Structure formats: C-alpha cells, structure tokens
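# Observations on the three-dimensional arrangement
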Amino acid sequence: MVLAAMITVRLQTVVSRETPPGETAVLTVGSIQAGTKSNIIPDTAVLQLNVRCYSEQTRHDILDAIRRIVTAECQASRCPREPEFEMFDSYPLTSNDPEATDRVARAFADVFGDQARTMDQQTASEDFSDIPAALDVPYTYWGLGGIDAETYHKAEAAGRVAQDVPVNHSPSFAPIIQPTLDTGTGALVVAALAWLAS
C-alpha cells in the first residue's frame, strides 16, 4: 500500500515537472486496487492510469516517465519482482488536416453563420482517426452542441459551464432532441457537399 501511494504521489509530478510549458497533458491515477483487510499486508497492487496528450512526443515522454518512476519506486521498496505494465483503451491522436478543416469550416460558416465556430482543444479519448489514418485520407473532426441555449448562456454568465452543463459520459447528459437532430443532420450534409458538390 505504501509503494502504491509513493508511486501515485510521484506520478503527480510528471506533468508539472517534465512536460514543457504550454504543452497540454493529463496523467491521472484513476484506480488503485490492493488489499482485502486492514491487518493483512497485500502482496500486489494494481494502479490504473489515464494519459491524454496533444502530441505523440509528449505521449512517448509521459509513458517513459511512468515506466521509469514505477520501476524505480519498486526497486526502492525492494519488490520481489519487476512491475508489470499493460496498455489498454489506447486511442490515437486526433490531428485534423488543415485543408480539410478549412474547407468544411468555410461550408459551415456559409450555412450556419455565427453558430459555426472553432472548437477549443479537447482532452477526450477518441478513436475517430483510426479509419482515415488506416486509409491514408485527410480528415477533420467537429463537434455539435446539444444543450438548450438558455441553459448554456445562463451557466456561461454565472461562470459555471463546467458545473451546470452536463457533458458526454455524465449521468445527466441528455441533449435536447431539437434543434440538435436537425442541426446534426444538416452538418453532415453540408460537410459531405463541401467535398462532393461540383
């Protein structure tokens, strides 16, 4: 348990001490499983981590730091065996093609006017880019708002968007049906026509 705690604390320094300023990265210890009773020292601990980055180099550096820190802490605690590492739920970096993004953005601006705007970077896990990357074709990823406009503007004015506007995977996430459905359908048609129309 002490070793798991030491690893957890040490991993919290990776982003703050090893990631270049201005480079966004997330390293979270989301789960620790060890032990069954207060008076029995567990012989194993399982830590589950979440890593999110905007560049392959930063991802590589953080994964190296995780291996280095976990291995060093295990050696410092005289672990009887080497730590084991397992990668799962791994998603590629979504990096929009500039030309494709510009083309679709112009089409959205023509049809949706001021409602079409640039999304901020997201730290979401997304497998969207797997298919276009496998086919070696350009891609662009866009989002669609589905929250009641009055609810959003009220939360924005109060500085409480993060607290009052439920997002994907939240138990309260429930996009309004209209105009979300019509806008989403329209966005798909507009994006397709940006490429298919003569």
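Being a predicted model, the structure only gives us computed values, none of them experimental.

Next up on the list: the packing of helix H1 (residues 2–11) against helix H3 (residues 56–76). How two helices sit against one another is set out by the angle between their axes and by the gap between those axes. Following both chains from N to C, one finds H1 and H3 inclined at 145°, their axes separated by 10 Å at the closest point. Pair H1 / H3 crosses with right-handed handedness. Contact residues: Leu3, Met6, Ile7, Arg10 and Leu11 in H1; Ile66, Ile69, Val70, Glu73 and Cys74 in H3. A per-class count over the contact of H1 with H3 returns eight nonpolar, no polar and two charged.

Right, let's talk about unusual backbone geometry for a bit. The step from Gln178 to Pro179 runs through a cis peptide bond, and the omega angle for that step is 10°. Residues other than glycine seldom take positive phi values, yet Arg78 does so here, at roughly 55°. Of note, Arg78 is situated in the loop between H3 and helix H4 (98–112). By relative accessible area, which is 75% here, Arg78 ends up exposed. Of note in the backbone geometry, Asp89 takes a positive phi value of approximately 50° without being a glycine. With respect to the helices and strands, the residue Asp89 is situated in the loop between H3 and H4.

About the criteria used
Residues numbered from 1 in each chain as written. Predicted model: local features only at pLDDT ≥ 70, side-chain atom pairs only at ≥ 80, totals over all residues. Heavy atoms only, no water. Axes fitted to C-alpha atoms, helices over the stretch in contact; angles between N-to-C directions. Helix = DSSP H or I, 4+ residues; strand = E, 2+ residues; numbered from the N terminus. Left-handed = near helix turned anticlockwise from the far one by under 90°. Contact = heavy atoms within 4.5 Å. Nonpolar A, V, L, I, M, F, W, Y, C, P; charged D, E, K, R; others polar. Buried < 20%, exposed > 50% of the residue type's maximum accessible area, 1.4 Å probe, protein only.

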